[in-house]
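# Remarks on the overall topology
In case you want the letters, here they are:
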Amino acid sequence: MKRKKMDYSRPALLVLILCAALLVACSSGSTTAPTADTAELEAAQETAANAQATADAALAALEAAAEGDEEASAELEAQLAEAQAELAEAESALAEAEAEAEAAANAQATAEAELAAIPVDIELWALATVTEAGPPPDDWIAYDIILEELNIDLTYVIIPTGADGEAKLNAAAAANELPDFFQLVSASNDSRGALFRMVELGLVAPVEDLMPLMPRRVETHYNDPLLIDLVTFDGHQYGLPELPPLPRREGLVIRQDWLEALGLEPPTTLEEIYEVAVAFTEQDPDGNGQNDTYGIGGFINGQGIGTRFDWIFGAYGVPGVWNFSDPANFGLNVRQPQYLDALAYMKSLVDARVIDPDWPTLSRDEFRARWKQGSFGIMWEDFAALTNQSNYAPFDENFPEGEWISLPAPTGPGGDASYGVYTGRGNIFAVSQQAADAGKGEAIARLLEWMATDGYYLLGFGEEGVNFVFDANGNISTEGLDPTQAYTAPERQPFTQMRNQLIFYNTQEEINARYPTYQTLNGRTMEPMIFLGFFQNQPWVDGRGIQVILPPANAADFDRFYNEGLIQFVLGQVELNEENWAAYLAGLDGLGAVEYEASARQSLVDAGLLEE
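Here is a short report on the structure shown in this document. (Residues numbered from 1 in each chain as written. Predicted model: local features only at pLDDT ≥ 70, side-chain atom pairs only at ≥ 80, totals over all residues. Heavy atoms only, no water.)

The geometry of helix 12 (residues 337-351) relative to helix 22 (residues 555-571) is characterised by a closest axis approach of 8 Å and an angle of 55 degrees between their N-to-C directions. Classified by the interaxial angle, the pair formed by helix 12 and helix 22 is oblique. Between helix 12 and helix 22, the residues in contact are Tyr-339, Leu-343, Met-346, Lys-347 and Val-350 and Tyr-562, Leu-566, Phe-569, Val-570 and Leu-571, respectively. Taken together, the residues of the contact of helix 12 with helix 22 break down into nine nonpolar, no polar and one charged. (Axes fitted to C-alpha atoms, helices over the stretch in contact; angles between N-to-C directions. Helix = DSSP H or I, 4+ residues; strand = E, 2+ residues; numbered from the N terminus. Parallel < 35°, antiparallel > 145°, perpendicular 65-115°, else oblique. Contact = heavy atoms within 4.5 Å. Nonpolar A, V, L, I, M, F, W, Y, C, P; charged D, E, K, R; others polar.)

What follows deals with the sheet that holds strand 10 (residues 404-406). The strand order across the open sheet built from four strands is 8-9-7-10, with neighbouring strands paired in mixed fashion. The sheet terminates laterally at strand 8 (294-296) and strand 10, the two strands that pair on one side only. Averaged over neighbouring strand pairs, the angle between their axes works out to 35 degrees when direction is ignored. Two elements, strand 7 (residues 250-255) and strand 9 (residues 376-382), share five bridges in a ladder whose sense is antiparallel. (Pairing = 2+ DSSP bridges.)

With respect to the element layout, Trp-322 can be found in the loop between helix 11 (310-314) and helix 12. For Trp-322 and Ala-600, which are 278 residues apart along the polypeptide, the C-alpha to C-alpha distance reads 9.5 Å. With residues near it in sequence (within four places) discarded, Trp-322 still touches Phe-330, Gly-331, Leu-332, Asn-333, Ile-546, Ile-549, Tyr-596, Glu-597 and Ala-600.

Counted under the stated rule, the structure contains 40 aromatic pairs. A ring pair is formed by Trp-371 and Phe-395, whose centres lie 6.0 Å apart and whose planes are at 50 degrees; its orientation type is tilted. You can see Trp-371 sitting in helix 13 (residues 364-372) and its partner Phe-395 sitting in helix 15 (residues 389-398), a full 24 residues away along the chain. Here Trp-371 falls in the buried class, since its relative accessible area comes to 0%. On the basis of relative accessibility, which here comes to 0%, the residue Phe-395 falls in the buried class. An angle of 55 degrees between the planes, with centres 5.4 Å apart, marks the rings of Tyr-392 and Phe-395 as tilted. With Tyr-392 and Phe-395 both in helix 15 and three residues apart, the pair spans about one turn of that helix. Classification of Tyr-392 as buried rests on a relative accessible area of 1%. In textbook terms, an aromatic cluster arises when at least three aromatic residues are bridged by ring pairs, as seen for Tyr-456, Tyr-457, Phe-461, Phe-468, Phe-470, Tyr-487, Phe-504 and Tyr-505. (Phe/Tyr/Trp six-rings, centres within 6.5 Å; stacked < 30°, edge-to-face > 60°. Buried < 20%, exposed > 50% of the residue type's maximum accessible area, 1.4 Å probe, protein only.)

Below, the structure is given as structure tokens:
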């Protein structure tokens, strides 16, 4: 029999179409929107699989037909017809499923767009740059810009300094109500220790994934590997460490006009300071005929008597909590015999009533209000808090002929002299775990990046053309502006409260703009940078190693006993004698002081900051 000639092109084409349909069905299932119903696509895929089986059978028949099997050829025609029908159904099902998937994807995109249009609420807690000034008003232009450009509804809360600020954070932590983004505050100035405690409690989130989202800020603010290491625990970065402020920026100052009024010279020793303090207290240096002045003013900032009186302890060779002056004998300074002598000198000032008696309870703001009101003539102060035009203005208005000058570190009876301990600590910020769980991390990074780019001048100086201008050399200036609107004016302080915490990073342009020279009301030239230079050139003890020392497990109890005991001795509430002093040291040992010292020493050794 003559072999019937077969047309293979049509069945082959159909087989190829079936294979293509199978591929479309399989690939469609992997690209659906997360919220799409995949039931239709799965059904279409099953149909396509059945069509594939039919095609396989058709292919087998085709091969048989190629060998002249006419019966197989007839069967092939039937199978191909059936495959065509199944293919049509599969294509229809696929088209319908793909249409539904596209609709679901569009709905998802619409929902995401609507969600993106809802502002992210971010609550920020931070210290103020000028504690005497308040927060920015509710209609602050920065709030509007942050909302419009970043889609962030920012709430900015100024928290107190020292113990009050630490208590506020601890209360929020205890209630599991920490803000989204916040500055660590510690009464002992140990912000790293405060961060460590919150990490242990699981209250703050790792932030290493946020770093790539803010490249400019990482370049300008988070560029010190050591600082990053200090906020890294168990392999995760938990803090965002700002660069330290200008180093060694505080110092001892005295009223030059009071010295001149009483015919005195600037003191250079502790003995001379005592004599001048007595004269300032008893001899009416302001000439108002009233007994309303004290020789010395201060407040407690830090552990024990506080850093504001470190110049006294430095004159005995024991400034600060830890003995960084003599690394070979590293430990708590209270173990050094001369520490008792330093306490005795401090107590002599209290007993003679030549120091403002409210020093143990004054806040920073209250202290600053008093020197501006002429309450005392010797103090320790930050150079900018003293000399910046906006800070100095109230004193200048009250005492146009008044003048503060710098004093060198006074020498103690053994020839020691030191302004205090330089720790190099900067501000540390953290993201609460609740904020991270709510997906706010990206928004916080977006805000921080904006602060280092488009928002830098607004938050640091104000609005260009209103609060500052650029001069011909590109420097920041207030030339030609309304003096009350200039960024240097006291009225503008609330609008730049974030500048020292989150904005500035100590460029030369920044420093020149922040601390300009100006004329006082009586025409005297005031140069803040002269004060800073003098302070920085005084003898300081390098105590930067303190940053690697973590607090003991019973830090609250230890610090309380340590602080209260020293203050009680100075105030005369406990007699300062060798017997009571030995009992005080024994009390510290009972709270684990020896173990604390050993742990601190080992931390310094491990960090390469102290030899074995």
